[in-house]
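Breakdown of the fold
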Amino acid sequence: MKPGPLVAAVLLAAFLIVRRRKLEPTLLIGGAIAVVGLLVYGSGVVALPNFKKIVEDAGNTLGNWTYLVVGVMAFFETGAFVGLIAPGETFLIFGGVVAGQGTISLVALIAIVWTCAVLGDLASFFAGRRLGRAFLIKHGPKVQITEERIHQVEGFFDRHGGKAIFLGRFVGLVRAVNPFLAGSSGMPLKRFLPYDIVGAGAWATMLLVLGYVFWQSFDRVLHYAEQGTLALGTTIVVIAVGVWLYRHFRHKEHRDAAMAWLDTQLDRPALRPLARVLRPLGRWARGPLTFFWNRITPGELGLELTTLLAIAAVGSFAFAANAITLRDKALVTGDRTAFTWADKIRSGTLDDLARAVTHLGSFPVVAAATALTVVVLVMRRRTTEAVALVAGLALTWIGVHIAKAAVDRPRPTGSLVDTAGQSYPSAHAAYALAWVGIALVLTRTLPGLARTTAAIVAGIVLAVVIGLTRVYLRAHYLSDVVGGAGLAAAIFAVAGMVGLVVVHLRHNGRRA
């Protein structure tokens, strides 16, 4: 007889009974199975199997197929409503566990799952736009999407507004139906996609890293699992308290009452030194911080800021993923293939053209173009945009040189142009992103739909072509170009977010 598992079974059963109307059927079934298992194990009838050996065998059997299995499940999680039947979190955590064994790359798995999750959401979004809500009501019950569940998800939309696109990624019932309803409701793709990219990236990274860390500490986790009672009891208490706090403080009157009580306490003589610190922080939180949160949450003014946040997230991941991979490998997937393709299309004319175009990504050329743009912006009194553009380029220059020294990757052999210094990341590819920034700030200053679209597309195409010339001329590996572009995209996006905050605060100050 083992009292620990028996007590854990009782606590888990109590939690399931109390929350039975709030939990999904799959969680209730899984919890019931866990209760039965704990009771059987605690009674001493059976001994626990060697879980570590089971997981190791599963990881070794799948090997690189884990990428496909976990990626497909991330796609079907929303793309085919599989998440209502088999929660995708289970597959993601398993993928992280396999990565923790060293069988596959965690970085590559995050990239694959993030991409597949977004693609699955897009498939569901366009299906919703094409088929409409009536289709879901008519055929949904076949895959456990009842009209009651649809009303629950729509209620989630009503409570959270556009934030539901981001927050829904972390709620099982909402996640599976969210993109379809967003499409059927007529939400524009340009509004849906940025929030979805941020949410899918956070969801995939969190669960995969959780599985990875779990495996790294598997023996310790098993030890605590065998002790069990305290950990499970503590978890249940923390969850219950967290739910109560959320429900209590989501009402404005409760938040105001709590702030009034806190102000009263801070008026006491003994706490006045602390008040001198906390009150300015509180004012700041109600100013820029509140603005930032409102801007990144859909339903407020969040499209521009959330789009920049999505760009920063993808860019920083592209830079960090390649840098991490290069610690263990000389080449990243795609490096050798890119050189092979370049050799197949090589010609004297293309060589000369590439040498000419690649100079558009050099720092002197980009700096001169930025200076001219700044003159235009200052003449039109758009100093914030001018400062953001200059700061983005300056920080990119600093970031590139710091990263080159840190990674210290040698250049490819056989370069067709003069090169110097380390290879990762590509400075030309990073500086070329300034052309996109120039196009964006000019279109804000010189509005017009046709001109706006053409300028931004031209800036993106030019940045891509400059990056490709670096690979074609064997001045950089493909991963150098991707890493440089990712670093610059993240830096320019952050500079743009700061600029938006400053413009908004200045505008509000003038109105006041």
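Sequence positions are assigned chain by chain, starting from 1 and proceeding in written order. Only residues with pLDDT of at least 70 are given local features in this predicted model, and only at 80 or more are side-chain atom pairs given and counted; all residues enter the totals for whole chains, interfaces and linings. Side-chain descriptors were evaluated using all non-hydrogen atoms of the structure, hydrogens and water having been removed beforehand.

Of the regular secondary structure elements, the chain holds 23 helices and 0 strands. Residue exposure (1.4 Å probe, protein chains only): buried if accessible area is under 20% of the type maximum, exposed if over 50%, otherwise partly exposed. Counting the 512 residues in the chain, one finds 40% classified as buried. Taking as baseline every contact in the chain between residues at least 6 positions apart, the subset at least 24 positions apart corresponds to 77%. Only DSSP runs of H or I with at least four residues qualify as helices, and only runs of E with at least two residues qualify as strands; both kinds are numbered from the N terminus onward. Only heavy atoms matter for contacts: two residues are in contact if any of them lie within 4.5 Å across the pair.

In this description, a nonpolar core means a group of buried Ala, Val, Leu, Ile, Met, Phe, Trp, Tyr and Cys residues linked to one another through side-chain atoms lying within 4.5 Å. In terms of nonpolar packing, the biggest core is built from 32 residues, with Val 366, Leu 393, Val 400, Tyr 431, Leu 433, Trp 435 and Phe 492 touching the most fellow members. Here this core gets 10 residues from one element, more than from any other, and that element is helix α21 (residues 427-445). Apart from residues lying up to four places away in sequence, Leu 433 is in contact with Ala 463, Ala 485, Ala 488, Ala 489 and Phe 492. Leu 109, Ala 117, Ile 165 and Ile 197 belong to the second-largest nonpolar core, a separate cluster that totals 30 residues.

Examined against the element boundaries, Ile 93 turns out to sit in helix α5 (residues 88-100). Take Ile 93: its relative accessible area is 28%, and that puts it in the partly exposed class. Taking the C-alpha atoms as reference points, Ile 93 and Val 70, separated by 23 residues in sequence, lie 9.3 Å from one another. Aside from chain neighbours lying at most four places away, what touches Ile 93 is Leu 207, Leu 210 and Gly 211.

Once that is clear, we can look at the packing of helix α20 (residues 383-407) against α21. Where α20 meets α21, the axes come as close as 10 Å, and the angle between the chain directions of the two elements is 170°. Relative to α21, the element α20 is oriented roughly antiparallel. Mapping the contact onto sequence places Glu 385, Leu 389, Leu 393, Thr 396, Trp 397, Val 400, His 401 and Lys 404 in α20 and Ala 427, Ala 430, Tyr 431, Ala 434, Gly 437, Ile 438, Val 441 and Arg 444 in α21. Asp, Glu, Lys and Arg are counted as charged, while Ala, Val, Leu, Ile, Met, Phe, Trp, Tyr, Cys and Pro are counted as nonpolar; the rest, among them Gly, fall into the polar class. Here the residues of the contact of α20 with α21 sort into 10 nonpolar, 3 polar and 3 charged. For every element, the axis is a line fit to its C-alpha atoms; helices are fit only across the contacting stretch, and the angle between N-to-C directions ranges from 0 to 180 degrees. Roughly parallel means an angle under 35 degrees; roughly antiparallel, over 145; roughly perpendicular, 65 to 115; everything else is oblique.

Quick look at the packing of aromatic side chains now. Between rings of Phe, Tyr and Trp, where Trp is taken as its six-membered ring, a pair exists when centres lie within 6.5 Å; planes separated by under 30 degrees are stacked, by over 60 edge-to-face, and by other angles tilted. Counted according to the given criterion, the structure contains 8 aromatic pairs. Considering the side-chain rings of Trp 114 and Phe 317, the 5.6 Å spacing of their centres and the 70° angle between planes classify their relative orientation as edge-to-face. Of the two residues, Trp 114 is situated in helix α6 (residues 106-131) and Phe 317 in helix α16 (residues 303-325); the sequence distance between them amounts to 203 residues. Residue classification places Trp 114 among the buried positions, given a relative accessible area of 9%. With a centroid separation of 4.6 Å and 25° between ring planes, the pair formed by Phe 125 and Phe 192 is classed as stacked. Of this pair, Phe 125 sits in helix α6 while Phe 192 is found in helix α11 (residues 189-216), placing the two residues 67 residues apart along the sequence. Like Phe 192, Phe 125 is buried. By the ring-pair criterion, three or more aromatic residues cluster together here, those being Phe 125, Phe 126 and Phe 192. Should the NZ of a Lys or the CZ of an Arg lie within 6 Å of a ring centre and within 35 degrees of the ring normal, that charge is described as sitting over the ring. If you follow Arg 474 out to its NZ or CZ, it ends over the ring of Phe 339, 4.2 Å from the centre.

In this section: the pattern of salt bridges. Any Lys or Arg side-chain nitrogen located within 4 Å of an Asp or Glu carboxyl oxygen qualifies as a salt bridge. This model, assessed by the stated rule, comprises 7 salt bridges. The residue Arg 474 makes a salt bridge to Asp 343 at a minimum N-O spacing of 3.8 Å. Of this pair, Arg 474 sits in the loop between α22 (449-472) and α23 (478-511) while Asp 343 sits in helix α17 (residues 335-344); the two residues are 131 residues apart in sequence, bridging distant segments of the chain. A relative accessible area of 43% means that Asp 343 is categorised as partly exposed.

Listing the buried residues of helix α18 (residues 348-358) in full gives Asp 351, Ala 354, Val 357 and Thr 358. The arc enclosing the buried residues of α18, seen along the axis, measures out at 135°, which places them on a common side. This arc is built from the directions going out from the helix axis to the C-beta atoms.

Here we take up the environment of Ala 432. Within the secondary structure, Ala 432 sits in helix α21. Between the C-alpha atom of Ala 432 and that of Ala 485, which follows or precedes it by 53 residues, the distance is 7.8 Å. Beyond its immediate stretch of four places on either side in the chain, Ala 432 contacts Ala 463 and Ile 466.

The next subject is the confidence of the model for the chain. Low pLDDT marks stretches whose predicted atomic positions should not be read closely. Residue-level confidence of the predictor is summarised by pLDDT, bounded by 0 at the bottom and 100 at the top. Taken as a whole, the chain shows an average pLDDT of 77; of its residues, 66% reach a score of 70 or greater. A low-confidence stretch, residues 224-236 (pLDDT under 50), is modelled with 11 contacts involving residues beyond four sequence positions or located in other chains. When the criterion is pLDDT under 50, residues 295-301 qualifies, and its contacts beyond four places in sequence or with other chains add up to 24 contacts.

Among the secondary structure elements, Glu 385 is positioned in helix α20. When residues no more than four places from it in sequence are discounted, the contact partners of Glu 385 are Leu 377, Val 441 and Arg 444.

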